[in-house]
Structures are given as C-alpha cells and as structure tokens.
Amino acid sequence: MIQDVLKHLEALVSFDTRNPPRAIGTGGIFDYLRARLPGFTCTVTDHGAGAVSLLAVRGAPRRVFNVHLDTVPSSPGWSADPHVLRVAGDRAIGLGACDIKGAAAGLLAAAARTAGDAAFLFTSDEEANDARCIAAFLASDHGFTEAIVAEPTMGEAVLAHRGISSVLMQFTGQAGHASGQQARTASALHAAIRWGDRALDHVESLDHARFGGLTGLRFNIGRVEGGIKANMIAPRAELRFGFRPLPSQSPADLHARFRGFADPAALAAYEETFSGPSLPAGDIAGAEAKRLAARDLADELGLPIGNAVDFWTEASLFSAAGLTSFVFGPGDIAQAHTADEWVALEQLETVARHYVRLLEAS
C-alpha cells in the first residue's frame, strides 16, 4: 500500500502548484489525476485566476472527499529541490507532501483497490485569499450530503475549528510639526495604536469563552504602517489584523466591537478582506447540533476522533452549506508550510487504509 501511495505522491509533488503565483491550469496535475481514475466521470472546471477544480465521481455516492492540490510558496530554507520527493527514514519530504498532497495520493491508491461509489473534489485555490472552487461546487446542484475535507489531522476526524477573518483599517490625521500639543490627538498612528490597545484588552476579556475544547479568541495585529518621520505628525496610517473566533462567537458582533474601538473622526476605512466560517457553521445551538452529527458520522465510519483545532479549513464552507462535514487527513499541521515539509510514512499508510475501507463500504 505504502509503495503505491509514495508513487502517486512523488508524481503529485513534482507538479508546481505553488499559490501564489496561482499559475495553475487545467492540465499538468489534473491530467495525472484523470489518467489514474479509470471508471470515474471526471469534470474539470477553470474558475479563473489559477482556481481549477476536478470532480471525479464513480457510481452514486452521497459523500465527497475534498483535497486541495495547491501549496504555499517554497521558502529559501529548503535543503533540496522541494518538487522532488525524498524518502528519509520514516518520512516523505516534499512541498505539499503534508499539506496535503499525501491525502490525494492515498485516495488514488484507495480508488484503484475498490469498486464502490466514490466522489473526489480536487481543488487548486485553498492557499489563496480568493478561493473560488468550493464556492462554485456548493452553488451547483451537487446532491451530496456529507463531506470529508483533507487537511493534516494526524489521521483523526476533527469536528470543530475556528473561523477566520482578516481586516484592513485605515486612519487619517492632520500633518504638522511634532513639537505641538496637537501631535497627541492629530496623529493617525496614535489613533491606530489607541485602537490596538482597546482591541487587545477586549480580546483578553474573552479568554473564558469555550467551545468543543477550544478557548478564547485568537487575535493578531499583523501590520501597522504610516507616517513619515519622528518630527512630523502622521497624516495616514494603515493597520491589518485578523481574528479567529470560536463557533460560538459571532463574527458580526466581533466586527462591530472592533470597529467601535476606533475614534470615528480618525477612522477612514474598515474592510474585511477575507473571511471563513467556523466548523461547525451556524449559531451556538446550530453549531453544536452539527458537531454532534459529524461525531455520529465519524463513529459510524469507524474513524478515531481528535481534538478541535485552531487552524481554519474549507470544511466549514461545506458545513455552512448544510453538509455534515469534518476534517480528516494524514500529517501534522506543525509540518505544514515549513521548509523540508514532511509527512510520516505511517500516517500515509494508515489514512490510505481508512480510505480503502470507507470506499469499500460505500
């Protein structure tokens, strides 16, 4: 089993699907997948800007497995060519091996060993802030009721994770000489810093919040820029921040609170640049009901259940659309996006054997 998985993984890693630059077309890796899925009806769709999806269906399944094929850019820290798979000891090393081409390789190996109903949705835009593939799939008349989304979860079914939101804020001030008393209140940078102080205090006040093993609100001010020099009052400032709410926390309420911490006279713009719901998606009662449904499905499928995680996945998009959804795949998220990214051979084989069992039972 592991040799077949590694053969596919070697080929998948060799395709350059870095995102950015989103230079991904309908050939290449998608041609490879189609050629290895005999008996499947394959539909390739180009959604533009490097967003390509392949839906492969055999029989009449109600469950779809989703795997993204794009990777983050390779960092300078790689010790060898990131697009050449290396097997060293108990691990397979290559760009995307952990996140998450290993799952795609496992599904290909499992499909070749089974004849049951199956559906795979391969996508190429998960690592972007302009994901289109899943949205287009969910807007179609797809007919699926369950979704298993591959991300590195150590071979355990993850039923809950945080949502995500990224925000751009712009502040304005009044330029002038910094020797004046007005510098304290006229500076756009001072307005941004005061906002940050209030926001951080609020985030700390939410440390008691809990859902499914997760606690508090994750929050980060990632970038602040503006001003000209130390003796000039800053006329403009720009701040970018992000937060990751629990399924029980309302993103709309959090946005209202964060926006309200800014001085209205200084705030020029507040724009959400990317968002994704939590898993499960919905209000508090609805999210808990969906989590229990996902737990029942994982139990029915005989999968080990893991803890909730802090990272975001597109499983939440399936959940928001009404599909019973959870995250399941080989690898450790700690290895994702790293130089010399790797996945344990034991993880690849274990998850591939789960795939075989699930496809045989469908």
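Let me sum up the structure you'll find in this document. (Residues numbered from 1 in each chain as written. Predicted model: local features only at pLDDT ≥ 70, side-chain atom pairs only at ≥ 80, totals over all residues. Heavy atoms only, no water.)

**Quick word on the pattern of salt bridges**
Considering all chains together, one arrives at 16 salt bridges under this definition. Across the pair Glu146 and Arg63 runs a salt bridge, and its minimum N-O distance is 2.9 Å. Taken together, the residues span a long stretch of sequence, with Glu146 in strand E7 (residues 146-149) and Arg63 in strand E3 (residues 63-68) at a distance of 83 residues. The class for Glu146 is buried, based on a relative accessible area of 10%. Beyond isolated ion pairs, a larger network of salt bridges with shared partners links Arg62, Arg63, Glu146 and Glu300. (Salt bridge = Lys/Arg side-chain N within 4 Å of Asp/Glu carboxyl O. Helix = DSSP H or I, 4+ residues; strand = E, 2+ residues; numbered from the N terminus. Buried < 20%, exposed > 50% of the residue type's maximum accessible area, 1.4 Å probe, protein only.)

**Some remarks on the layout of surface pockets**
Size it by volume and the largest pocket reaches roughly 560 Å³. Together, 24 residues line the largest pocket, and Glu127, Ile164, Arg244, Trp312 and His337 are the ones closest to its centre. Of the residues forming the lining of the largest pocket, the biggest block, five residues, is contributed by strand E12 (residues 236-244). (1 Å grid on protein atoms, 1.4 Å probe; cavity = no way out; pocket = protein on both sides within 12 Å on 5 of 7 lines; lining within 4 Å. Points joined across faces, edges and corners; volume = space filled by probe spheres on them.)

**Details of the nonpolar core**
If you look at the biggest cluster of nonpolar residues, it comprises 57 residues, and the most contacted ones within it are Leu9, Phe30, Phe120, Phe122, Phe326, Leu348 and Tyr355. Those elements that provide at least two residues to this core are helix H1 (2-14), helix H2 (29-35), strand E2 (52-58), E3, helix H3 (97-112), strand E6 (118-123), helix H8 (284-300) and helix H10 (345-361). No other element matches H3, which puts 11 residues into this core. Those residues within four positions of Leu348 in sequence are excluded, and the remaining contacts are Ile2, Val5, Leu6, Leu9, Ala92, Gly102, Pro330 and Val343. Membership of the second largest hydrophobic core comes to 23 residues, among which are Ala192, Leu239, Leu254 and Ala266. (Core = buried A, V, L, I, M, F, W, Y, C linked by side-chain atoms within 4.5 Å. Contact = heavy atoms within 4.5 Å.)

**Structural notes on the sheet that holds strand E4 (residues 86-88)**
Within the open sheet, the three strands sit side by side as E4-E5-E15. Their pairing is antiparallel. Two strands lie at the open edges of the sheet, namely E4 and strand E15 (342-344), each paired on one side alone. The sheet shows a mean angle of 25° between the axes of neighbouring strands, taken without regard to direction. (Pairing = 2+ DSSP bridges. Axes fitted to C-alpha atoms, helices over the stretch in contact; angles between N-to-C directions.)

**Concerning the packing of H1 against H10**
At their nearest, the axes of H1 and H10 sit 9 Å apart, and the two run at 105° to each other. Considering their axes alone, H1 and H10 lie roughly perpendicular with respect to each other. Along its contact with H1, which presents Ile2, Val5, Leu6 and Leu9, the element H10 presents Leu345, Leu348, Glu349 and Ala352. By residue class, the composition of the contact of H1 with H10 is seven nonpolar, no polar and one charged. (Parallel < 35°, antiparallel > 145°, perpendicular 65-115°, else oblique. Nonpolar A, V, L, I, M, F, W, Y, C, P; charged D, E, K, R; others polar.)

**Some words on the pairing of E12**
Judged from the eight bridges that link them, strand E8 (residues 164-172) and E12 form a sheet pairing that is antiparallel. Counted as the bridge partner of Met169 is Leu239 from E12. Relative to E12, strand E11 (residues 218-226) is paired through eight bridges, and the arrangement is antiparallel. The residue bridging Val224 from the neighbouring strand is Leu239, located in E12.

**Some words on H8**
Over its 17 residues, H8 extends 24 Å from the first C-alpha to the last, a length consistent with the 24 Å expected when each residue adds 1.5 Å. For H8, the set of buried residues is Ala287, Arg291, Ala294, Leu297 and Ala298. Burial along H8 is one-sided: seen end-on, the buried residues are contained in an arc of 120°. In H8, the exposed residues that point more than 90 degrees away from the buried face are Ala285 and Glu300. Gly302 sits one or two residues past H8 and shows a positive phi near 75°. (Expected span 1.5 Å × (residues − 1). Arc of directions from axis to C-beta.)

**Focus on the environment of Ala88**
Structurally, Ala88 is set in strand E4. A relative accessible area of 39% places Ala88 in the partly exposed class. On a C-alpha basis, the gap between Ala88 and Arg223 in space is 38 Å, while along the polypeptide they are 135 residues apart.

**Comments concerning the state of the cysteines**
The tally for this structure, following the rule as stated, stands at zero disulfides. Of the cysteine sulfurs around Cys42, a residue in no disulfide, the closest is that of Cys133, at 15 Å. (Disulfide = S-S within 2.5 Å.)

**Section: a negative patch on the surface**
On the surface, a cluster of negative charge is made up of Asp197, Asp201, Glu204 and Asp207. Turning to its location among the elements, Asp197 is positioned in helix H6 (residues 188-205). According to the relative accessible area criterion, Asp197 is partly exposed, its value standing at 48%. (Patch = residues over 30% accessible without salt bridge, like charges linked within 9 Å, V, L, I, M, F, W, Y side chains within 5 Å. Areas by Shrake-Rupley, 256 points an atom, 1.4 Å probe, with all protein chains shown as cover. Lys, Arg positive; Asp, Glu negative; His and termini not counted. Charge placed at Lys NZ, Arg CZ, Asp CG, Glu CD.)

**Here's the deal with the packing of H6 against helix H7 (residues 251-260)**
When two helices pack together, their arrangement is given by the angle between their axes and by how far apart the axes lie. The N-to-C vectors of H6 and H7 enclose an angle of 140°; their axes lie 9 Å apart at closest approach. Contacts between H6 and H7 involve Trp195, Ala199, His202 and Val203 from the first element and Leu254, Arg257 and Phe258 from the second. Taken together, the residues of the contact of H6 with H7 sort by class into five nonpolar, one polar and one charged.

**With respect to the environment of Ala104**
Among the structural elements, Ala104 can be located in helix H3. Among the residues examined, Ala104 registers a relative accessible area of 0% and is labelled buried. Excluding residues within four positions of it along the chain, Ala104 makes contact with Leu12, Val67, Leu69 and Phe122.

Function cannot be read off these values alone, since they describe shape.
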